[in-house]
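This is what each chain is made of:
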Amino acid sequence: MPTIAHLECSRCRAIRSAATPQTVCPQCKGSLYVRYDLKPLHGIVARDSIARDAAASPWSGMWRYRSVLPDVEPVTLGEGWTPMLQSRRRPGVYLKEEGANPTGTFKARGLAMAITMARHYGLKKLAVPSAGNAAGALAAYAAAAGIEAHIFMPRDVPFANYVEAVAYGANVTLVNGLISDCGRIVAERKEKEGWFDISSLKEPFRVEGKKTMGYELSEQLGWEYPDAVFYPTGGGVGLIGMWKAFGEMEELGWVRPGKRPRMIAVQSAGCAPMVRAFDQHASASEVWQNAATFAAGLRVPKPYGDSIMLEILRDSGGIAVSVPDAIILESLKDWARNEGIFLSPEGAAATAAYDQLIASGYLKHEDRVVIFNTGAGLKYTDITAEAMKIARPSPAA
Ligand SMILES: [Zn+2]
């Protein structure tokens, strides 16, 4: 495992020490990236030894990449190394099934890493605004680490997110509003309450956990890049993390040289700030008013990492696309009936976006693409039932 060399601001490149807990860049409020000295790994940790080392390790899942993660004992529930499923109907399509993670979503990766570091730093109270799934993951890992969790989420989150957070013993506040309103409450109260704010991109380690998705998708495709990656984008931490991973893998010589995948950010037509900013060639997004979609994880009116994401989309030759809820629901039903996979609404937005980009000619059938199903459909039974107009049968008379 490498020691952290330093933290580096994603905007102004200022350097910070990782010896104490850090939030954002004190100069420009940019997100901080963890930088390692990877030189000692060159030629020593070969990509082919990863599987062998992982088999010998007490930690499973994403910790197979511990040679490129902080040198700290993990707080783990078995996150990562999720299945890569080839579509039964579209041979070029691979579904990265993040529903197989602890707490049923991709949020487990980022929060496992962030809680690992929080325990390492001796932090006692963490707070997070969440559209739902980050709340469940934070609550679980905080419980595993014996750390207090304070969670703020919209009143109408998927019910499973509320139930799990309460069951894990977190302090849960339901807010009349969106994740942006929850974020404001955390920002206002954190100093007085002594909370460390573990919001996406406001501390350096959630990105580090999420970057393992980039390592995994490459390893699972034989250390080759796919042609495109479809990523349902709310906060977009995974998109940012994967791009960071690609850079590290190239430095280490782990991935075959070649063009990086086109990164495709997928949003709902009911909340598409990234799509609007991308289409307008803007360098940042603007707050999306009256955000509304049944894909709860995509209800992020202005992601904190918007500028970084726009740069990645353009550098990769990618695109941002939005899909109306009705089409998302059609794709969800299509994949359930024909592939045996119950997607989250966010994942179904990504599969719908794939169909859209095939129809438009942006992608060809033979292109090899990875589509992220960021969570298990089972976490959304209440809102999916409502969208499908399925009511609980009344008790027999
Ligand atoms: Zn800065």
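No experiment lies behind these values; they were computed from the predicted model shown. (Residues numbered from 1 in each chain as written. Predicted model: local features only at pLDDT ≥ 70, side-chain atom pairs only at ≥ 80, totals over all residues. Heavy atoms only, no water.)

A. Highlighting the sheet that holds strand β2 (residues 15–16). Ordered by their spatial adjacency, three strands build an open sheet running β2-β1-β3, and the pairing between neighbours is antiparallel. At either margin of the open sheet sits one strand with a lone partner, and together these are β2 and β3 (32–36). Inspection of the sheet shows strand β1 (residues 4–9) paired to β2 by two bridges, in the antiparallel sense. Of the residues in β2, the one forming a bridge with Glu-8 is Ile-15. (Pairing = 2+ DSSP bridges. Helix = DSSP H or I, 4+ residues; strand = E, 2+ residues; numbered from the N terminus.)

B. Molecular detail of the packing of aromatic side chains. According to the stated counting rule, one finds eleven aromatic pairs in the structure shown. Between Tyr-225 and Phe-246, the aromatic rings sit 4.9 Å apart at their centres with planes inclined by 70°, giving edge-to-face as the arrangement. Separated by 21 residues along the polypeptide, Tyr-225 in the loop between α7 (212–220) and β10 (228–232) and Phe-246 in helix α8 (residues 237–252) bring together distant segments of the chain. There is no split in this pair, since Tyr-225 and Phe-246 are both buried. (Phe/Tyr/Trp six-rings, centres within 6.5 Å; stacked < 30°, edge-to-face > 60°. Buried < 20%, exposed > 50% of the residue type's maximum accessible area, 1.4 Å probe, protein only.)

C. Seen up close, the sheet that holds strand β7 (residues 148–154). Overall, parallel pairing links the four strands, which are arranged β8-β7-β6-β9 in an open sheet. The sheet is open, and its two borders are formed by β8 (171–175) and β9 (196–197), each paired with just one other strand. Bridge analysis of strand β6 (residues 125–129) against β9 gives two bridges, and the strand direction is parallel. Bridge assignment links Leu-126 to a residue of β9, and that residue is Phe-196.

D. Spatial organisation of the layout of surface pockets. Considered as a void within the structure, the largest pocket measures approximately 750 Å³ in volume. As for the largest pocket, its lining consists of 41 residues, of which Ile-179, Gly-235, Val-300, Lys-302 and Pro-303 are closest to the centre. For the lining of the largest pocket, the secondary-structure elements that each account for two or more residues are α3 (133–145), α5 (179–193), α6 (205–210) and β10. In terms of residue count, α5 provides more of the lining of the largest pocket than any other element does, four residues in total. By volume, the second largest pocket amounts to about 510 Å³. Lining the second largest pocket we find 24 residues, and of these Arg-13, Tyr-33, Arg-35, Trp-243 and Lys-244 sit closest to its centre. Those elements giving two or more residues to the lining of the second largest pocket turn out to be β3, α8 and α10 (306–315). Here the lining of the second largest pocket is composed, by residue class, of nine nonpolar, five polar and ten charged. (1 Å grid on protein atoms, 1.4 Å probe; cavity = no way out; pocket = protein on both sides within 12 Å on 5 of 7 lines; lining within 4 Å. Points joined across faces, edges and corners; volume = space filled by probe spheres on them. Nonpolar A, V, L, I, M, F, W, Y, C, P; charged D, E, K, R; others polar.)

E. Geometry of the coordination of the zinc ion. In this structure, Cys-9 (SG), Cys-12 (SG), Cys-25 (SG) and Cys-28 (SG) serve as the protein donors to the zinc ion, at separations of 2.3 Å. Between the four donor atoms coordinating the zinc ion, the angles at the centre fall across 96 to 118°, so the site counts as tetrahedral. In the primary sequence, the donor residues of the zinc ion line up as C-x2-C-x12-C-x2-C. Cys-25 sits in the buried class, given a relative accessible area of 0%. Classification of Cys-28 by relative accessible area gives partly exposed; the value is 24%. (Donors = N, O, S within 2.8 Å, 3.2 Å for Na, K, Ca; no water. Tetrahedral: all angles 85-135°; square planar, octahedral: opposite > 155°, others 65-115°.)

F. Layout of empty space enclosed by the protein. Per the stated rule, a full pass over the model turns up one cavity of 30 Å³ or more. Here the largest cavity defines a volume of roughly 50 Å³. When residues of the lining of the largest cavity are assigned to their parent elements, the largest contribution, four residues, is made by helix α2 (residues 107–121). Looking at the lining of the largest cavity, its residues break down into nine nonpolar, one polar and one charged.

G. Spotlight on unusual backbone geometry. Unlike most non-glycine residues, Thr-103 shows phi in positive territory, near 65°. With respect to the helices and strands, Thr-103 occurs in the loop between β5 (93–97) and α2. Despite not being glycine, Trp-223 shows a phi value in the positive range, around 55°.

Everything listed here is a matter of geometry and, on its own, says nothing about what the molecule does.
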